[in-house]
Amino acid sequence: MIRKVLVANRGEIAVRVMRSCREMGLRSVAIYSEADRTAMHVRYADEAYCVGPATSAESYLNIEKIIEVAKVSKSDAIHPGYGFLSENANFAEAVDKAGIIFIGPSIHAINTMGDKLTARQLMIESGVPVVPGTKENIDDPNKLKTIAAEIGYPIMLKASAGGGGKGMRLVREEKDLVNAYNMAKSEARSAFGDDAVYMEKYIESPHHIEFQIMADQHGNYVHLFERECSVQRRHQKVVEETPSPLMTPELRNKMGEQAIAAAKSVDYVGAGTVEFLVDNDHNFYFLEMNTRLQVEHPITERTTGVDLVKAQINVANGLPLEFKQDDLRQNGHAIECRIYAEDHKNNFMPCPGVVKNITEPMGLGMRTDGYVYEGYEIPFHYDPMISKVISWAPTRMEAIDRMKRALYEYKITGVKTSIPFVARIMEAKDFVEGNYDTHFIEKNMDFLMTDEDDCTDYCEDIALFVAFLDYTQKLKDAADKSNVATPNQSAWKEYARRKNILRL
Ligand code: MV4
């Protein structure tokens, strides 16, 4: 049985994994780069080891060094988190060879799903719907036009080694086809060292809906329902919610069934996510399967009550799943907003730097997964996502109102953050009405860029200033031994509310 877990990651997800380890009575081991000596995951872990310089390639991606630390620390298992080595089959193999448990699926599952064309072929064989298109690598440019004409324009060229939006080309007309093909191929060759390219029909305004699945080593499979992930910018998700406003019970059952079929086709073990494109007519198509725990897993945890990290560790221990499909229900509504240290008004430029003050949202129906603290310097070497705010309420509208309240409470100074940007999403008509697809952000960009909230911080500063004036006035009054009425903070707030300066 696992007694000590090495977490091969940093940031909020490393802390998230260690939290479940602590609840389960397991010791946790942190690895860190030279830029991360003061990072939260190092402070949270029971033991911590430096694995190299700031550059990821030399630290968080250094397979040999990480295995060495696992051996020295006598860790029984390694949790890879997301990103970094989480979907690297060489890493899973090295962990296995070292006699350590990899908390994740088999090498075969990682390899199969990592190659998009192989995954696509397997789905076709397994009867899982895929976007109409080719089954093979297109290696003869002379066949391009015939294939595209058969599928019908617009089409999409995708690199087999790509995924997550990398190595894709949209082609609307035949005249652009050959050029796009050559670009996609050379791009894939230099980026992935693999230039296999395939073609799909382009789905015009799809939803991105994914299903969480969980499987044990005894052949039990369940899905934990969907997550609506259509609010994204440049293939970076910004807001996720569950249930999806588009979903019906019938569609959910059909998609959940296919998600499980996809997982079964690779004898999947552990936590995984099956991504689908869904069009407005409720046609759905397998896109890819992510063989890791995902950033947005907390909304599933909040609505189902399942601790996914704990379930991953139990499965890695060889235990059967603690729940059957019939035990699982979606309870209420959960929304996640990702908070990035970035300046959306300056082309979403990352904003590393020292965090001055933080006030995190708390109270009913609230969860924040983060890792930065006051005085912490966010390094520029890694992902700029600093936290996730997860709201829960019985209904979607209440979950939105609660998220707005949370983002109003959330204060970070020292670095620019995307808090005002996601707060604006919560006020966008299309979002509030649940009437959005993957083009939501580009369609609403002007609205999202103007935040009325700018005056709120300013008003609060003035309120504090007035309260201070009130205090000094009181001191003076006491000295004068007189009893003159003075302005106070609440009177000022009342004035501001009447003038509609401050929205409370
Ligand atoms: C598509 C598509 C439309 N039609 N494939 C983007 C990420 C990668 N996993 C696949 N992607 C897409 N593939 C066909 N045949 C539209 C997208 C797409 C998208 C998908 C999910 C979430 C956001 C997206 C944003 C732009 C395009």
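Every residue gets a number counted from 1 within its own chain, in the order that chain's sequence is written. Where local features are concerned, this predicted model is filtered to residues with pLDDT of at least 70; where side-chain atom pairs are given and counted, the filter is 80 or more; whole-chain, interface and lining totals use all residues. Hydrogens and waters are ignored; side-chain quantities use all the structure's heavy atoms.

Trainee: Please clarify how the UniProt feature "domain: Biotin carboxylation" (unreviewed entry) in the chain should be interpreted in this entry.
Mentor: UniProt positions are given in the numbering used here, feature names are shortened, and annotations may be inferred rather than shown by experiment. As recorded in UniProt, the sites labelled "domain: Biotin carboxylation" (unreviewed entry) are residues 1-446. By the criteria applied, helices consist of DSSP H or I runs no shorter than four residues and strands consist of E runs no shorter than two, each listed in order from the N terminus. Annotated as 32% helix and 27% strand, the span residues 1-446 places its first and last C-alpha atoms 54 Å apart.

Trainee: How should I be thinking about unusual backbone geometry in this particular structure?
Mentor: When glycine is set aside, most residues are seen to have a negative phi, and most peptide bonds are trans. The residue after Tyr153, namely Pro154, is reached through a cis peptide bond having omega -5°. Mapping Pro154 onto the fold places it in the loop between α7 (144-151) and β6 (155-163). For the bond running from Thr242 to Pro243, omega is -5°, close enough to zero to count as cis. Looking at the element boundaries, Pro243 is found in the loop between β11 (236-242) and α9 (249-264). The backbone of Lys74 sits at a positive phi, close to 55°, despite the residue not being glycine. Along the chain, the position of Lys74 falls in the loop between α3 (63-72) and β4 (77-79). Classification of Lys74 by relative accessible area gives exposed; the value is 68%. Its identity as a non-glycine residue notwithstanding, Phe225 has a phi of 70°, on the positive side. The rule is simple: take the accessible area with a 1.4 Å probe, protein chains only, and divide by the maximum for that residue type; under 20% is buried, over 50% is exposed, in between is partly exposed. The class of Phe225 is buried, set by a relative accessible area of 9%.

Trainee: Just checking my understanding: could you explain the side chain of Arg233 for this structure?
Mentor: Along the polypeptide, Arg233 turns up in strand β10 (residues 221-233). For the buried Arg233, no salt bridge exists, and the shortest N-O distance to an oppositely charged side chain is 5.1 Å, to Glu342. Throughout, a contact is declared for two residues whenever any of their heavy atoms are within 4.5 Å. In contact with Arg233, other than residues within four places in its own chain, are Val238, Asn347, Phe348, Ile441 and Met445. His is not counted, nor are the chain ends, whereas Lys and Arg count as positive and Asp and Glu as negative. In the sections that follow, a salt bridge refers to a side-chain nitrogen of Lys or Arg positioned within 4 Å of a carboxyl oxygen of Asp or Glu.

Trainee: Please clarify how the sheet that holds strand β21 (residues 385-393) should be interpreted in this entry.
Mentor: The strands making up a sheet are joined through hydrogen bonds of the backbone, oriented either antiparallel or parallel. Here, strands pair whenever DSSP counts at least two bridges between them. Across the sheet, which stays open at both edges, the eight strands sit in the order β13-β12-β9-β10-β11-β14-β21-β19 with antiparallel pairing between neighbours. Among the strands making up the open sheet, the edge pair consists of β13 (284-290) and β19 (366-370). Adjacent strand axes in the sheet meet at a mean angle of 25°, parallel and antiparallel pairs treated alike. Bridge analysis of strand β9 (residues 207-215) against β10 gives six bridges, and the strand direction is antiparallel. The residue of β10 that forms the bridge with Glu210 is Arg227. Structural elements are reduced to axes, namely lines fitted to C-alpha atoms, with helices fitted over the stretch in contact, and the angle between N-to-C directions of any two is expressed from 0 to 180 degrees. Contacts between helix α12 (residues 396-409) and the sheet are confined to β11, β14 (333-340), β19 and β21, with β21 contributing the most and set at about 140° to the helix.

Trainee: I would appreciate a short explanation of the pairing of strand β12 (residues 270-278) in the present structure.
Mentor: Two faces belong to every sheet, and in a regular strand the side chains alternate between them. Along β12, nine of the nine residues are buried, which leaves the element largely enclosed by surrounding structure. Across six bridges, the pairing between β12 and β13 is antiparallel. When the sheet's bridge partners are listed, Glu275 is paired in β13 with Glu288. Linking β12 back to β13 in an antiparallel pair, the connection comprises five residues, with His282 at a positive phi of about 70°.

Trainee: Explain the site of the ligand to me, please; I cannot follow it from the model alone.
Mentor: The criterion for a residue being near a molecule or strand is simple. One of its heavy atoms has to lie within 4 Å of it. Looking at the ligand, there are 17 residues lining it, with Lys158, Glu200, Lys201, Ile203 and Glu288 nearest. Pairs of N or O atoms within 3.5 Å make up the polar contacts considered here, provided that, within protein, one atom can donate a hydrogen while the other can accept it, and that residues adjacent in sequence are counted only when both atoms are side-chain atoms. Lys158 is positioned with one of its side-chain polar atoms (N or O) 2.9 Å from a nitrogen atom of the ligand. At 2.7 Å, a backbone N or O of Lys201 approaches a nitrogen atom of the ligand. Protein contact buries 91% of the 510 Å² of open area that the ligand shows by itself. Counting only elements with at least two residues in the shell around the ligand, the list comes to β6, β8 (197-201) and β13. Classification used: nonpolar for Ala, Val, Leu, Ile, Met, Phe, Trp, Tyr, Cys and Pro, charged for Asp, Glu, Lys and Arg, polar for all others including Gly. Residue composition of the shell around the ligand, grouped by class: seven nonpolar, six polar and four charged. We get accessible surface area from the Shrake-Rupley algorithm with a probe of 1.4 Å; when it comes to residues, only the shown protein chains can shield them.

Trainee: What should I look at first to understand the packing of aromatic side chains in this one?
Mentor: A ring pair, where both rings are aromatic, is described by two values, the distance of the centres and the angle of the planes. Any two of the Phe, Tyr and Trp rings considered here, Trp counted by its six-membered ring, make a pair once their centres fall within 6.5 Å; the pair's planes then place it as stacked at under 30 degrees, edge-to-face at over 60, or tilted in between. Under the definition given, this model contains 12 aromatic pairs. Note on Tyr60 and Tyr382: the rings are 5.6 Å apart at their centroids and 85° apart in plane angle, and the pair reads as edge-to-face. Of this pair, Tyr60 sits in the loop between β3 (47-52) and α3 while Tyr382 sits in the loop between β20 (377-378) and β21, and the two are 322 residues apart along the sequence. The exposure class of Tyr60 is buried, given its relative accessible area of 0%. Accessibility expressed as a relative area gives 9% for Tyr382, which makes it buried. Between Phe348 and Phe421, the aromatic rings sit 5.2 Å apart at their centres with planes inclined by 85°, giving edge-to-face as the arrangement.

Trainee: What's the story with the nonpolar core in this structure? I'm lost.
Mentor: The tendency in soluble globular proteins is for nonpolar side chains to be buried as a group. In terms of nonpolar packing, the biggest core is built from 64 residues, with Val239, Leu407, Ile425, Met426 and Phe431 touching the most fellow members. Once residues lying within four places of it in the same chain are set aside, the contact partners of Phe431 are Val231, Val239, Glu241, Arg396, Ile400, Ile425, Met426, Tyr436 and Phe440. Val5, Ile13, Leu26 and Leu328 belong to the second largest nonpolar core, which has 33 residues in total. Buried residues of nine kinds, namely Ala, Val, Leu, Ile, Met, Phe, Trp, Tyr and Cys, make up a nonpolar core once their side-chain atoms join them within 4.5 Å.

Trainee: I would appreciate a short explanation of the packing of helix α1 (residues 11-23) against helix α11 (residues 308-316) in the present structure.
Mentor: The angle between the axes and the distance between the axes are what describe a pair of packed helices. Relative orientation of the contacting elements α1 and α11 amounts to 65°, with a least axis distance of 9 Å. Here α1 is positioned roughly perpendicular relative to α11, judged by the angle of their axes. The two elements α1 and α11 meet at a crossing, and its hand is right-handed. Residue-level contacts link Arg16, Val17, Ser20 and Cys21 of α1 to Leu308, Val309, Lys310 and Ile313 of α11. Among the residues making up the contact of α1 with α11, the classes are represented as five nonpolar, one polar and two charged. These descriptions rest on fixed angle ranges, namely under 35 degrees for roughly parallel, over 145 for roughly antiparallel, 65 to 115 for roughly perpendicular, and the rest for oblique. Crossings are classed by handedness, with left-handed meaning an anticlockwise turn of the near helix from the far one by less than a right angle and right-handed meaning a clockwise turn.

Trainee: Looking at this structure, how should I read the sheet that holds β6?
Mentor: Judged by pairing direction, the sheet is antiparallel, and its three strands sit side by side in the order β7-β6-β8 without closing on themselves. Among the strands making up the open sheet, the edge pair consists of β7 (166-171) and β8. Across the sheet, the axes of successive neighbouring strands diverge by a mean angle of 25°, strand direction being ignored. Looking at chain direction, β6 and β8 are connected through five bridges and run antiparallel. From the neighbouring strand, Lys158 faces β8, where its bridge partner is Tyr198. Against the sheet, α7 contacts β6 and β8, and its axis sits at roughly 25° relative to β8.

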